[in-house]
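The chain contents come next:
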Amino acid sequence: MSTYRQPGTILTDHHVSVPLDHGHPGGERIEIFAREIVAAGRADAGSLPWLVFLQGGPGQAAHRPVGRAGWLDRALDDYRVLLLDQRGTGSSSRITARSLAGLASPRAQAEYLAHFRADSIVLDCELARRELCGDQPWTVLGQSFGGFCALTYLSFAPHGLAGALITGGLPGLDNHVDDVYRLTYPAVAARNAAHYDRYPRDAATARDIAARLAPGDVRLPDGSPLTVERFQAIGGMLGQSAGSHELHYLLEDPFDQDGGLADAFLADVWDRVSFARAPLYAVLHEACCAQGQATGWSAQRVRAEFPEFDAAAALDGDAPLLFTGEMIYPWMLDVDPALQPLREAAHLLAERDGWPPLYDPARLAAIEVPVAAAVYHSDMYVPAPLSLATAARVGGLRPWVTNEWEHDGLRVSGGGVLGRLIAMNRGEA
């Protein structure tokens, strides 16, 4: 454990040993890392309640803060904050292709990876809670996938929670992942239309880029191919507050004078499509929504129901090229060097059935823990209709439906979203 200072804060790093498989606590163990942050001058305030932050993802480490920036400034007024690197991310026994290479087979890798979903993350939290604050319950703040984890927490370990704050992270309780994509594909198409209305010249530029990529000879800085489909996958940014503007600037000057794609453009695209920083995001993205049935590469299957996303409509005619959103496709494992060694394990996870439940609707209906949730009306990633249906099924949950913020409202609101949720849980809003 180490303690250090930043402007206005005191930080302490914690490491907690947990079982890989909580069903077999005497087996293999992994390490969980969490960073405690307290306002300067309040480090000795023993009665200060804890707020544990669960990052979006899956497969994303908690952010690395400097001082009281962003929502932390509001949180530190009331809480001792714990930023948790969820298992397999950041400093918590991080998973990469190299770290899994020692396992005997792709099937062994898949079995290992099956222990990195929300149910295991919640049990990690419970061990960390007991080590850091004994029997004292804490409040959880879940952003996006972190909100999914918060609902799992409320389902299976509500005794550990004094409250739950959720932003853009209320999933359907018993929906198949196909149901999610049947809602998100139209939402992504609407974001494309809005972008091209705002920046009409981008439609021609995107088609020109796709035409240059069609022969299949363009490479990204890591040597991997940039296909038309892979270029379409940069559209995940369209669900963020500044995403449309960032996409426009990326498309603003993509060609060199000789007609080839510029190195700077290719570097920017690589940063958007590579999973080198978060391979778990790709490998577990659909598995983290699975309950019972196999996912079967849902995003790829459901895409066939929305032919407007077929690039041929743009390459062979004058239809706009539609960018895709937060979808993971099996071909990504073929072209991304960071994912190629995990390809067989990922296919096994997609075929896996019998996944245990992540939520307990009966327990959630009777829950007495105060819960406040921000539901973003036009959320491109977590469909509002599913979120509102879930909100109606969780006892005591107070939803705040807003179109003031996008999915990244917690990050960009400067504490405004968090402050509203805290007030709601206190009955002040």
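You'll find the structure just up there.
An account of the accompanying structure is given in this report. (Residues numbered from 1 in each chain as written. Predicted model: local features only at pLDDT ≥ 70, side-chain atom pairs only at ≥ 80, totals over all residues. Heavy atoms only, no water.)

It is worth spelling out the pairing of strand E1 (residues 2-6) at this point. By the bridge criterion, 5 bridges tie E1 to strand E2 (residues 9-19) in an arrangement that is antiparallel. Pairing of Ser-2 across the sheet is with Asp-13, part of E2. Here E1 hands over to E2 after 2 residues, with Gly-8 in that stretch at a positive phi of 80°. (Pairing = 2+ DSSP bridges. Helix = DSSP H or I, 4+ residues; strand = E, 2+ residues; numbered from the N terminus.)

Turning our eyes to something else, we now look at the pattern of salt bridges. Pairing is possible between side chains of opposite charge, provided their charged atoms come close. Applying the stated criterion to the full structure yields 21 salt bridges. Residue Arg-80 pairs with Glu-36 through a salt bridge whose shortest N-O separation is 2.8 Å. Remark: Glu-36 occurs in strand E3 (residues 29-39) and Arg-80 occurs in strand E5 (residues 80-85); sequence separation between them is 44 residues. By the burial criterion, Arg-80 is buried, and Glu-36 matches it. One salt bridge connects Glu-305 with Arg-182, and the closest N-O pair in it is separated by 2.8 Å. Here Glu-305 is found in the loop between helix H12 (298-303) and helix H13 (312-315), whereas its partner Arg-182 is found in helix H6 (residues 177-198), with 123 residues between them in sequence. Accessibility expressed as a relative area gives 41% for Glu-305, which makes it partly exposed. The exposure class of Arg-182 is partly exposed, given its relative accessible area of 37%. (Salt bridge = Lys/Arg side-chain N within 4 Å of Asp/Glu carboxyl O. Buried < 20%, exposed > 50% of the residue type's maximum accessible area, 1.4 Å probe, protein only.)

By the definition in use, this model includes 11 aromatic pairs. For the ring pair Tyr-329 and Trp-331, a centre distance of 5.8 Å and an interplane angle of 10° mean the geometry is stacked. The pair formed by Tyr-329 and Trp-331 is uniform in burial state, with each residue classed as buried. In textbook terms, an aromatic cluster arises when at least three aromatic residues are bridged by ring pairs, as seen for Tyr-181, Tyr-185, Phe-306 and Phe-309. (Phe/Tyr/Trp six-rings, centres within 6.5 Å; stacked < 30°, edge-to-face > 60°.)

Quick look at the side chain of Ser-387 now. Here Ser-387 lies in helix H17 (residues 384-391). With residues near it in sequence (within four places) discarded, Ser-387 still touches Leu-170, Val-375 and Val-382. (Contact = heavy atoms within 4.5 Å.)

To continue, consider the environment of Met-327. With respect to the secondary-structure elements, Met-327 resides in the loop between H13 and helix H14 (332-335). In this view, Met-327 contacts Tyr-181, Thr-184, Tyr-185, Val-188, Ala-299 and Met-332; residues no more than four positions away in its chain are not counted.

Before going further, it helps to spend a moment on the nonpolar core. Within the largest apolar cluster, 119 residues are counted, with the highest numbers of intra-cluster contacts made by Trp-138 and Phe-231. Top contributing element to this core by residue count: helix H5 (residues 145-156), with 7 residues. Each residue touching Trp-138, except ones within four places of it in the same chain, is listed here: Trp-50, Val-52, Leu-82, Cys-125, Ala-128, Arg-129, Cys-133, Tyr-153, Gly-160, Leu-161, Ala-162 and Gly-163. Counting residues in each nonpolar core, the second largest holds 25 residues, with Leu-11, Leu-76, Ala-372 and Ile-422 among its members. (Core = buried A, V, L, I, M, F, W, Y, C linked by side-chain atoms within 4.5 Å.)

Let us look at the packing of helix H4 (residues 118-133) against H5. It is at 9 Å that the axes of H4 and H5 come closest, and there the two elements cross at 70°. The angle between H4 and H5 falls in the class roughly perpendicular. On H5, the residues touching Ala-118, Asp-119, Ile-121, Val-122, Cys-125, Glu-126 and Arg-129 of H4 are Phe-145, Cys-149, Thr-152 and Tyr-153. By residue class, the composition of the contact of H4 with H5 is 7 nonpolar, 1 polar and 3 charged. (Axes fitted to C-alpha atoms, helices over the stretch in contact; angles between N-to-C directions. Parallel < 35°, antiparallel > 145°, perpendicular 65-115°, else oblique. Nonpolar A, V, L, I, M, F, W, Y, C, P; charged D, E, K, R; others polar.)

Time to look at the sheet that holds E1. Read across the sheet, 9 strands follow the order E1-E2-E3-E5-E4-E6-E7-E8-E9 without closing on themselves; strand pairing throughout is mixed. Every other strand in the sheet has two partners, leaving E1 and strand E9 (397-402) as the edge strands with one partner each. For this sheet the average axis-to-axis angle between neighbouring strands, irrespective of direction, equals 20°. Bridge count for strand E8 (residues 371-376) against E9 is 6 bridges, and the pairing is parallel. Pairing of Val-375 across the sheet is with Val-401, part of E9. Taken strand by strand, H17 contacts E8 and E9, and its axis lies near 160° from that of E8. Along the sheet, helix H19 (residues 416-425) contacts strand E6 (138-143), strand E7 (161-167), E8 and E9; its crossing angle with E7, the most-contacted strand, is approximately 140°.

Further remarks concern H19. Counting buried residues in H19 gives 7 out of 10 residues, a clear majority hidden from the surface. Restricting attention to buried positions, one finds in H19 the residues Val-417, Leu-418, Gly-419, Leu-421, Ile-422, Ala-423 and Met-424. Where H19 is buried, its residues contact helix H1 (72-75), E6, E7, E8, E9 and helix H18 (409-412). Gly-427 sits one or two positions beyond H19 and adopts a positive phi of about 75°.

Bringing the pairing of E6 into the picture now. Counting buried positions over the 6 residues of E6 gives 6, a clear majority of the element. Taking every second residue as pointing to the same face, both faces of E6 are buried, with Trp-138, Val-140 and Gly-142 on one and Thr-139, Leu-141 and Gln-143 on the other. Pairing between strand E4 (residues 50-54) and E6: 4 bridges, direction parallel. Among the inter-strand pairings, Leu-51 is bridged to a residue of E6, identified as Thr-139. With 6 bridges joining them, E6 and E7 adopt parallel strand pairing. Residue Thr-139 lies in a different strand from E7, and its bridge partner there is Gly-163. Read from E6 through H5 to E7, the crossover connection turns out right-handed. (Right-handed = clockwise from strand over helix to strand, strands pointing away.)

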